[in-house]
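Residue-level structural notes
One letter stands for each residue in the lines below.
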Amino acid sequence: MHASTPQSCATVRTFAQRLSSTRRGARLARLLAVERLTAWETSPHVIERAEHVVAELAANAALHGRVQGRDFLLALTLDEAAGTLRIAVSDTRGECRPAVPSERGPHDESGRGLLLVDTLADRWGTEPRPPSGKTVWAEIGRHGEGGRRRFPVNPAANAVEDGQTL
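What counts, and where the lines are drawn
- Residues numbered from 1 in each chain as written.
- Predicted model: local features only at pLDDT ≥ 70, side-chain atom pairs only at ≥ 80, totals over all residues.
- Heavy atoms only, no water.
- Helix = DSSP H or I, 4+ residues; strand = E, 2+ residues; numbered from the N terminus.
- Buried < 20%, exposed > 50% of the residue type's maximum accessible area, 1.4 Å probe, protein only.
- Areas by Shrake-Rupley, 256 points an atom, 1.4 Å probe, with all protein chains shown as cover.
- Pairing = 2+ DSSP bridges.
- Axes fitted to C-alpha atoms, helices over the stretch in contact; angles between N-to-C directions.
- Contact = heavy atoms within 4.5 Å.
- Core = buried A, V, L, I, M, F, W, Y, C linked by side-chain atoms within 4.5 Å.
- Salt bridge = Lys/Arg side-chain N within 4 Å of Asp/Glu carboxyl O.
- pLDDT = per-residue confidence, 0-100.

Looking only at helices and strands, the protein features 4 helices and 5 strands. Starting at the N terminus and ending at the C terminus, the protein contains elements arranged as β-α-α-β-β-α-β-β-α. Taking all 166 residues of the protein together, 35% fall into the buried category. Surface exposure of the protein reaches about 10600 Å², of which carbon and sulfur atoms provide 52%.

This part takes up the sheet that holds strand E1 (residues 12–20). Sheet strands line up and pair through hydrogen bonds in the backbone, either parallel or antiparallel. Sheet architecture is open: 5 strands sit in the order E1-E2-E3-E5-E4, paired in antiparallel fashion. Edge strands, defined here as strands with exactly one partner in the open sheet, are E1 and strand E4 (123–129). Geometrically, the sheet is characterised by an average inter-axis angle of 15° between neighbouring strands, direction not taken into account. For strand E3 (residues 84–91) and strand E5 (residues 133–141), the ladder comprises 8 bridges, and the chain directions are antiparallel. Each residue of the ladder has a partner; that of Leu85, found in E5, is Ile140. In this fold helix H2 (residues 44–63) packs onto strand E2 (71–79), E3 and E5, with an angle of close to 10° to the strand it touches most, E3.

What follows deals with the nonpolar core. The nonpolar side chains of soluble globular proteins are, as a tendency, buried together. In this structure, Leu57, Leu74, Leu76, Leu85 and Ile87 are the most contacted members of the largest nonpolar core, which totals 31 residues. Mapped by element, the contributors of at least two residues to this core are E1, helix H1 (23–39), H2, E2, E3, helix H3 (113–120) and E5. Excluding anything up to four places from it in sequence, Ile87 contacts Ala50, Val53, Val54, Leu57, Leu74, Ala75, Leu76, Val136, Trp137, Ala138 and Ile140.

As a further point, take unusual backbone geometry. Residue Pro131 is reached from Pro130 by a cis peptide bond, and omega for that bond is 10°. Note on placement: Pro131 falls in the loop between E4 and E5. Positive phi outside glycine occurs at Glu41, with the angle close to 55°.

What follows covers the pattern of salt bridges. Applying the stated criterion to the full structure yields 8 salt bridges. For the salt bridge of Arg86 with Glu127, the shortest nitrogen-to-oxygen distance reads 3.6 Å. With a gap of 41 residues between them, Arg86 in strand E3 and Glu127 in strand E4 connect regions that are remote in the sequence. According to the relative accessible area criterion, Arg86 is partly exposed, its value standing at 24%. Across the salt bridge formed by Glu139 and Arg123, the nearest N and O atoms sit 3.0 Å from each other. Pair noted here: Glu139 is in strand E5 and Arg123 is in strand E4, with a separation of 16 residues, a long-range link. With relative accessibility at 15%, the residue Glu139 sits in the buried group. Judged by relative accessible area, which is 44%, Arg123 ranks as partly exposed. If you follow the salt bridges from partner to partner, you end up with Arg86, Arg123, Glu127 and Glu139 in one network.

Moving on, we come to the confidence of the model for the protein. In low-pLDDT regions, the fine details of the predicted coordinates are not to be read closely. Residues at a pLDDT of 70 or more form 67% of the protein, whose mean pLDDT is 79. By mean pLDDT, helix H4 (residues 155–161) is the weakest element of the protein at 33, and H1 is the strongest at 97. Of the regions scoring below 50 in pLDDT, residues 146–166 engages in 24 contacts with residues more than four places distant in sequence or in other chains.

Okay, structure coming up:
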């Protein structure tokens, strides 16, 4: 007689929504992402990082990727087995590829958004979306503890934040 071993069900959850390529559509993308991630009981650290990433990618799609009368697509994929959240925003302007600016001056009024994405996401990039569009994607680790931390982390502050005693 063989004893059965419990098997864990790794779940992949997905969400996709077309939104108008407007400031209102970009705002709605951010709100929908937070709502969906909350419903999936995602870590608050991941939700916070994802909210900023979605806001930036959706704003870029509405501003730089806009083609009159064409929508952009927000897609979220939460892969519990891999422990990652993938955020993808697709638009119809494939010739406009985003890039992190090399230098920003203190008086520059734009160009900092992808620096935020670069800081908050564990990885990000672009890929073509036939026939003429592109997808900009970002991945965030399950617990929101990955990313590119540019500042030292205070372990005592994290212990209090996580509900542990000092």
